[in-house]
Amino acid sequence: MPRVASGSGGGGASDSITGALVPFLPDSQDAVVYPLLHGLKPPISRVSISWARGNTLRVSVFRSSPAESDSDEDVGGKVMEVRPGGNVDGQLSDAQWRRVAYGSVSPFALLQSRRNSALSVSKMGLSPSPYHLEWWEYVSEYSKDVSSLLGNPKSSAGPVIEDPKEVLKKVEEPTCLKAAWDLMEMFYADKLSQAWLPERLVDWLADYDSLLSDTQATVYLKLMEFQGRLVTLLVIEDDSRYWEVISSALAVGWLEIAVKMLRLHGSYQLDQLGSRETENGLVEAVAVLISKMPRLRPELGAGKLGECFKTKPDFMKAWERWRAQVTKLESSAFWLQCDHLQTREGLKNMLQIMLGNASILSTATCNWMELYISHILYIRPFTVGLESMYSLAQKCIQLKPMTIPHKLMRLIVGILGENTEVILAECSRDFGTWMAAHAIEFLTAGSDQAEVLLHEERDNLGGINIEELHRLIYAQVLSSHILTWQIAPIYLISCMKQGMGLLEILLYRQPVQHNQLLVKNLEICRLYELDSVSSNIMKIAGVYHWKHGRKGYGVFWLQQARDEVCLNRIAQQLFNSVGKSISDESFKQWEGLIELLGSESKPAGGLEFLHKYRDFKRSLKQVNDGKITDATQQAVESLMSLMKNTSTPQRFWLPILYDSLKLLYWQERPLLNASQTNLLLNKLQELSMARLHPDFIEADLPPQALSSVRLALATNLGRAILEES
Amino acid sequence: MAITGLPQPPQIHRVPQFRYVDSIRWLPSISPFQKYLTVAFFDTDSGTPSLEIHSLSSSKTLSLLSSWNPPSRISSLKCTPSLIAASTFSGSLHCFSTAGKSLESVFAEPQISVVGRDFHVGPIGGVDLMEGGSDCVSVGEDGRVNLVKIGVEGYHGKGNCRRVFDGNGLVSYTAVRWASPTEFVTGGCGFGLQWWDLRRPGSAVAQFKDNWDQGTTSGIIHSIDIHPSRKHTCLAGGSAGTVFAWDLRWQQEPIILSGVGTNDAKTHSLSESDVWEVHYDCYMKSASSNTSSSRILPAMICSEDGILAVIEQGEEPLELLAEPCAINSFDINCQNPSDVICSLEWESIAILSRP
């Protein structure tokens, strides 16, 4: 990881003025400087930049001539990784993103398996559509599972807290990702509450208005600002900002805040109550009206104001009644008796908001989204579902154009416009690959039209559909990180066309040197029944370990991969070292490897010879001169089986025979019969011929070894013939 | 469930760490009301490994007491009441004394660090500390078996390190466990187990190899445990969900507790993926009244497919945890065996309290 340094790297940079390798013009607008501490002495001859894992760049810096360096601590170059830019979201750190990625695996996999079983049911003709009624419930469950990962559910906007001066409650900062997910869930997954969608939008804005403050003026910001001044205000109702802020809060439907602030009005103070009775009555009347506002929704959270109506007819009746009360108060004679100008104007303004005065709503709100919400609340309270919501949004955008559109607002426009491609593009651009891959489930469940669009195979995408494209992109991002690559297969496997191919590539690309990682890699192969991939990976691992001197590991993995060819090849190399070094003592070292080669049924290539050779050596050691024991018999059998076996390398023939001299010169009686001795003599003859061949490797034995073996064999043959006759 | 005495499932707390957890152990504490953990982390964002001591509050929150940065990631971690030993993937061994120190200062400086080509080349597969003693045995992929004496005052560097065996890469060891003050068991490829006796140096005194399956599958031993009351029996877990016990008195007949490579219908196969760690579970009382010394005591395992379970010879396994990701290591609190802690692949720790 690079360390950020402001100056130049290296101690000897004095000869280059700044140490900068590339001239940098400070006046260029978009340049971002990533200082690297490479610690190399100049001169630097070459810099190479390439992609490293993930979104990091690999920068390799080379010195000109390492040969000339006088001290040995000088290095010829250095490789560093640089991560350009920050996080896409700016709100979630890498580690938090990984947590979201881990957590979304299970809901995603569950939904996919449900889809597959739903599809197979529909194929069997049991159900007319793959997405029967229950599908909504599945998507909704999926959505809730994922949503819980993104943050705790929080439906209180800035609710009342005991501190009378605290209007906005300090809560955990929400994330844009959560806001976007909630929005998608509201429109696509939660079919049960489609009827009170407008009210859910009101709640949504209450939760996330603070996020919009990044690029927009918002009521939230206004409130925050006013709350800061609240403590310094002595006569609160004289301040025009006070009335402005209450109106704004009322306009966007934050009734609790509006009421709480109204009750901060000076006329509530005990010492003033007598002199300002009418004024106080009017304030209280407005506050009561606000808290009695009818709402078309099944329930309200704790501490929320308003009266709930589940059905539209009930709501309409209540609304008319409430409106009548508002109108009545508006034309009341008490206003004339109210001396306080600001209070009178402020309260009347609020009544206008409640009566749906468009121009006052427009001044009370700060951006089109807030204006839109206020329209829904006070001008079109009977809106149900999505009807004409888009045209209303368009109208609000015209009234309050966005200078810098916030990403959440762009997403809302896409959703209201029912434009699947726009929604997906916004998800992918503003909320990252994770959002695009996971939110697509909402869109395919949203409408048949969208489903067709997303599942249509496209030639310009190489025959895959948009859904698969976004999953592949997400899988690619996962693959690039050392900790998340293991969950990429879940997404790849859900991609019908390209998934398997990419999964194989992903598995092949994982490093094999780390034993635990290798095992995890093989486990994924096992899960997806990729036997050939698994065996190739084991071969790669085997060769890697072999090359790095871990012969046992190498042989083990090659055996697991059943790679006879490789085992045979490395057998030849092993024999070289066996031929040179093997002695009784060093067999202890070989023991483990030979044990590994042990049982006959496992493929060992030419290496099974080692096992037999060890047995032969071991029994030979136990042979005592003079007495015929089981060990002697064992040794003779081992000798014969070694010499008969075609896998015994030629170069071992002479050492084996030379080792067996004491068997051939056995005092008591010849241990080998005539035919056995003949066979050995033939082998010796074959060996003499082979020695003429230029490739022959001479065993490390005394020069007279061959002749002494020949003499011993001849002697034994003579004795055996005599014995047998 | 065949195993009785556990009417309720354990309470489970998952604590996200935002770092990879390489290994986790309980740290024996003097006070019964205090619980301490030592955890080997790897921070991928900065590329730095760390070894940390945390105290665990009753509300299951961790607070850092002491931390140390090893030269590379921790491959194996062991704790006794007086010592902590950690080995790394770069082949070094670091030991810390906890005796007579506040836990905040344990990781100030290692009591002993053994590094260098004379020690291990490449990753150390396993270390083990002798219970109540001061000897640490380490085994590596390079096939070396080394013994490090710790308690010796004024002894630093190579002087207190002794080579027991050098396999020269012809074998690789992946796990090790002390059986007695002079004996230990190592494990490696091909489900191989080796019994070593320091009084008979040069080579292993007994060897075990997988002969039960006639060559269909083989695997690697990942973890070994030996019960202090049954020193002749060695419990091993490894590839393909294999858990078996090897009794020195019947060397050719392993007792298979779990695994797919067996044709034995009586054996329950809990998992088909790698068993990363096995420990005898002193919390579980054996369901059977047969308490002969040849019977294998209940043991807990964790696996690559996310299972934490208690297995017992001839009984149905009892699953404590089934995670969507691998459980890489776990530890049972020896002072309060109802507490189990495990490290999950997805950068978190799970804390279990058994009723």
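Residues numbered from 1 in each chain as written. Chains lettered and ligands numbered in written order. Predicted model: local features only at pLDDT ≥ 70, side-chain atom pairs only at ≥ 80, totals over all residues. Heavy atoms only, no water.

Draft legend 1. Fine view of the sheet that holds strand E15 (residues 183-188) of chain B. Residue and element names in this part refer to chain B. The antiparallel open sheet is built from 4 strands, whose spatial order is E14-E15-E16-E17. At either margin of the open sheet sits one strand with a lone partner, and together these are strand E14 (173-180) and strand E17 (206-208). Looking at each pair of strands side by side, their axes are set apart by 20 degrees on average, direction ignored. Here 6 bridges tie E14 to E15, and the two strands are oriented antiparallel to one another. Looking at E15, one finds that Trp178 is bridged to Phe184. (Pairing = 2+ DSSP bridges. Helix = DSSP H or I, 4+ residues; strand = E, 2+ residues; numbered from the N terminus. Axes fitted to C-alpha atoms, helices over the stretch in contact; angles between N-to-C directions.)

Draft legend 2. Quick look at the nonpolar core. By size, the foremost hydrophobic cluster in this structure holds 167 residues, and its most contacted members are Met184 of chain A together with Leu308 of chain B. In terms of residue count, helix H17 (residues 420-446) of chain A provides more of this core than any other element does, 12 residues in total. When sequence neighbours within four positions are dropped, the list of residues in contact with Leu308 of chain B reads Met300, Ile301, Cys302, Leu318, Glu319, Leu320, Leu321, Ile327, Phe330, Val340, Cys342 and Leu352 of chain B. (Core = buried A, V, L, I, M, F, W, Y, C linked by side-chain atoms within 4.5 Å. Buried < 20%, exposed > 50% of the residue type's maximum accessible area, 1.4 Å probe, protein only. Contact = heavy atoms within 4.5 Å.)

Draft legend 3. A look at empty space enclosed by the protein. Residues and elements named next belong to chain A. A complete count under the given rule lists 7 cavities of 30 Å³ or more for this structure. Estimates place the volume of the largest cavity at around 100 Å³. Pro198, Glu199, Leu296, Ile376 and Pro381 are the residues nearest the centre of the largest cavity, which is lined by 14 residues in total. Secondary-structure elements contributing two or more residues to the lining of the largest cavity are helix H4 (197-212), strand E4 (294-296), helix H10 (312-330) and helix H14 (368-379). When residues in the lining of the largest cavity are grouped by element, the largest group, 3 residues, is from H4. Classifying every residue of the lining of the largest cavity gives 12 nonpolar, 1 polar and 1 charged. (1 Å grid on protein atoms, 1.4 Å probe; cavity = no way out; pocket = protein on both sides within 12 Å on 5 of 7 lines; lining within 4 Å. Points joined across faces, edges and corners; volume = space filled by probe spheres on them. Nonpolar A, V, L, I, M, F, W, Y, C, P; charged D, E, K, R; others polar.)

Draft legend 4. The arrangement of the state of the cysteines in detail. According to the stated counting rule, one finds 0 disulfides over all chains in the structure shown. Take Cys525 of chain A: it sits in no disulfide, and the sulfur closest to it among the cysteines is that of Cys495 of chain A, at 18 Å. Free of any disulfide, Cys342 of chain B has its nearest cysteine sulfur in Cys302 of chain B, 7.3 Å distant. (Disulfide = S-S within 2.5 Å.)

Draft legend 5. Here's a closer look at helix H12 (residues 341-354) of chain A. All names here are of chain A. With 14 residues, H12 ought to run about 20 Å at 1.5 Å a step, and its terminal C-alpha atoms sit 20 Å apart, in line with that. All of the buried residues along H12 are Thr343, Gly346, Leu347, Met350, Leu351, Gln352, Ile353 and Met354. In the segment just after H12, Gly356 is the residue with positive phi, at about 80 degrees. (Expected span 1.5 Å × (residues − 1).)

Draft legend 6. Up close: the side chain of Glu199 of chain A. Mapping Glu199 of chain A onto the fold places it in helix H4. The residues touching Glu199 of chain A, leaving out its near neighbours within four places in the chain, are Arg295, Leu296, Arg297 and Leu377 of chain A.

Draft legend 7. Region of the structure containing the pairing of strand E6 (residues 74-79) of chain B. Residue and element names in this part refer to chain B. Across the 6 residues that make up E6, a large majority, 5, are buried. Two elements, E6 and strand E7 (residues 83-88), share 5 bridges in a ladder whose sense is antiparallel. Each bridged residue has a counterpart across the sheet, and for Ser76 the counterpart in E7 is Ser87. Connecting the antiparallel pair E6 and E7 is a turn made up of 3 residues.

Draft legend 8. Focus on the sheet that holds strand E26 (residues 327-332) of chain B. All names here are of chain B. In spatial order, the strands read E1-E28-E27-E26; together these 4 strands make up an open sheet with antiparallel pairing. With one partner strand each, in any of the chains shown, strand E1 (11-16) and E26 form the two edges of the open sheet. Averaged over all neighbouring strand pairs, the angle between strand axes comes to 20 degrees, with direction disregarded.

Draft legend 9. Just the environment of Asp166 of chain B, in detail. Residue and element names in this part refer to chain B. Tracing the backbone shows Asp166 in strand E13 (residues 161-166). Along the backbone, Asp166 and Ser67 are 99 residues apart, and their C-alpha atoms lie at a distance of 33 Å. Within the structure, Asp166 has its side chain in polar contact with the backbone nitrogen of Asn168 (distance 2.9 Å). (Polar contact = N/O pair within 3.5 Å; in protein donor to acceptor, adjacent residues only side chain to side chain.)

Draft legend 10. Representation of the pattern of salt bridges within the structure. Residues and elements named next belong to chain B. Throughout the structure, instances matching the rule amount to 40 salt bridges over all chains. The closest approach of N and O atoms between Asp166 and Arg144, which form a salt bridge, is 3.5 Å. Of this pair, Asp166 sits in strand E13 while Arg144 sits in strand E12 (residues 144-149), placing them 22 residues apart in sequence. Of the residues examined, Arg144 reaches a relative accessible area of 13% and is grouped as buried. (Salt bridge = Lys/Arg side-chain N within 4 Å of Asp/Glu carboxyl O.)

Draft legend 11. Fine view of the packing of aromatic side chains. Inspection of the entire model under this criterion finds 25 aromatic pairs over all chains. Between Tyr474 of chain A and Tyr491 of chain A, the aromatic rings sit 4.8 Å apart at their centres with planes inclined by 90 degrees, giving edge-to-face as the arrangement. Of this pair, Tyr474 of chain A sits in helix H19 (residues 466-479) while Tyr491 of chain A sits in helix H20 (residues 488-492), placing them 17 residues apart in sequence. Here Tyr474 of chain A falls in the buried class, since its relative accessible area comes to 3%. Of the residues examined, Tyr491 of chain A reaches a relative accessible area of 0% and is grouped as buried. Taking the centre distance of 6.1 Å and the plane angle of 80 degrees together, the rings of Tyr173 of chain B and Trp196 of chain B count as edge-to-face. Of this pair, Tyr173 of chain B sits in strand E14 while Trp196 of chain B sits in strand E16 (residues 193-197); the two residues are 23 residues apart in sequence, bridging distant segments of the chain. Accessibility expressed as a relative area gives 4% for Tyr173 of chain B, which makes it buried. Classification of Trp196 of chain B as buried rests on a relative accessible area of 3%. Feature note: the residues Trp97, Tyr142, Trp181, Trp434 and Phe442 of chain A constitute an aromatic cluster, connected by ring pairs. Sitting over the face of the ring of Phe62 of chain A, Arg46 of chain A holds its NZ or CZ atom 4.6 Å from the ring centroid. Cation over ring: Arg19 of chain B sits above Phe41 of chain B, and NZ or CZ is 3.8 Å from the ring centre. (Phe/Tyr/Trp six-rings, centres within 6.5 Å; stacked < 30°, edge-to-face > 60°. Lys NZ or Arg CZ within 6 Å of the ring centre and 35° of its normal.)

Draft legend 12. Geometry of the interface of chain B and chain A. The interface of chain B with chain A comprises 43 residues on the first partner and 42 residues on the second. Where chain B abuts chain A, roughly 3900 Å² becomes buried across the two surfaces, and 56% of that area is made up of carbon and sulfur atoms. Scanning the region where chain B abuts chain A turns up 5 salt bridges. Linking Lys520 of chain A and Glu345 of chain B is a salt bridge whose minimum nitrogen-to-oxygen distance equals 2.8 Å. On inspection of chain B and its partner chain A, the count reaches 11 residue pairs in polar contact (both at pLDDT 80 or more). (Buried area = accessible area lost by both parts, 1.4 Å probe.)

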